[in-house]
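Residues per chain, in single letters:
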Amino acid sequence: MHTLRISVSEILGRPGEYRDVVVDAPVPDVATALAHIDQKPVHAGLRLESVVEGILVTGPVRAPMVLECARCLEEFSSVLSVNVCELFAGPGHATDDDDPYSVEADEIDLEPMLRDALALEMPLHPLCRSDCKGYCPHCGADLNAGTCDCRDEDVDPRWADLAVLREKLG
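Overview of the structure. Every value quoted in this text rests on a predicted model; they were computed, and no experiment measured them.

Reading the values: the criteria
Residues numbered from 1 in each chain as written. Predicted model: local features only at pLDDT ≥ 70, side-chain atom pairs only at ≥ 80, totals over all residues. Heavy atoms only, no water. Helix = DSSP H or I, 4+ residues; strand = E, 2+ residues; numbered from the N terminus. Rg over C-alpha atoms; globule rule 2.2 N^0.38 Å. Buried < 20%, exposed > 50% of the residue type's maximum accessible area, 1.4 Å probe, protein only. Areas by Shrake-Rupley, 256 points an atom, 1.4 Å probe, with all protein chains shown as cover. Salt bridge = Lys/Arg side-chain N within 4 Å of Asp/Glu carboxyl O. Expected span 1.5 Å × (residues − 1). Arc of directions from axis to C-beta. Contact = heavy atoms within 4.5 Å. Polar contact = N/O pair within 3.5 Å; in protein donor to acceptor, adjacent residues only side chain to side chain.

### Examining the overall build of the protein chain
Along the backbone of the protein chain there are two helices and seven strands. Ordered by position from N to C terminus, the α and β elements of the protein chain give β-β-β-β-β-β-β-α-α. Radius of gyration (C-alpha) of the protein chain: 25 Å, far over the 15 Å computed for a compact globule of 170 residues. Considered along the principal axes of its C-alpha atoms, the protein chain spans approximately 85 × 30 × 20 Å. With 170 residues in all, the protein chain has 28% of them scored as buried. Accessible surface for the protein chain amounts to roughly 10900 Å². Of this, 49% is attributable to carbon and sulfur atoms.

### Comments concerning the pattern of salt bridges
With the rule as written, the count across this model stands at seven salt bridges. Across the salt bridge formed by Asp 20 and Arg 47, the nearest N and O atoms sit 2.8 Å from each other. Remark: Arg 47 occurs in strand 4 (residues 42-51) and Asp 20 occurs in strand 2 (residues 18-25); sequence separation between them is 27 residues. For Glu 111, the salt bridge identified is with Arg 115, shortest N-O distance 3.0 Å. Note that Glu 111 and Arg 115 are positioned in helix 1 (residues 110-121) at a spacing of four residues, about one turn of the helix. Take Glu 111: its relative accessible area is 23%, and that puts it in the partly exposed class. On the basis of relative accessibility, which here comes to 25%, the residue Arg 115 falls in the partly exposed class. Three or more residues joined by partner-sharing salt bridges are found here, namely Arg 5, Glu 107 and Asp 109.

### Regarding helix 1
Over its 12 residues, helix 1 runs 17 Å from end to end, which matches the ideal 16 Å to within 8%, given 1.5 Å per residue. Among the residues of helix 1, those classed as buried are Leu 110, Met 113, Leu 114, Ala 117 and Leu 118. Viewed end-on, helix 1 has its buried residues packed into an arc of 120°, placing them on one side of the element. On its buried face, helix 1 sits against strand 1 (5-7), strand 2, strand 4, strand 5 (54-68), strand 6 (75-89) and strand 7 (107-109). The N-cap residue of helix 1 is Asp 109: its side-chain oxygen and the backbone nitrogen of Glu 111 are 3.2 Å apart.

### Quick notes on unusual backbone geometry
A positive phi is found at Asp 29, a non-glycine position, where the angle reads about 65°. A relative accessible area of 70% places Asp 29 in the exposed class. Its identity as a non-glycine residue notwithstanding, Leu 73 has a phi of 65°, on the positive side. As for its position among the elements, Leu 73 is in the loop between strand 5 and strand 6.

That's the geometry; what it means functionally is another story.
So, in structure tokens, the structure goes:
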């Protein structure tokens, strides 16, 4: 299936009825400062279940991501996995304040729900690996490749008196 608009006419208004769908489609405009969803298709195996209030959509979603390490700025790829559980309010149950998603003309549009679910789970501070050391703030050397000769000699002025005391005692 290549569209994110799904007809629910056969299950709408029939609580307990459901339909399983597989979605393989790109979801545009999902990004943070250091990460974005790749333009490859997002894969979702979803169950659309009719409930009294409308259509309940549940299931796993997997999306390829391109990230930039927050420490060394190297680009790397990963897969974002999230489980969705959202209600699309049916006719007569939709309220603008409570329900961001609704059934319109016997169809639901999965794109806003998928975009929101993926954006909320994207890392704000991605790391290429947990022990990434980044770059030296003074000389710009890649600390993952080795050390540099820079020494951090800046002393917080609030501790300057203790440094004087250390010299007297030492």
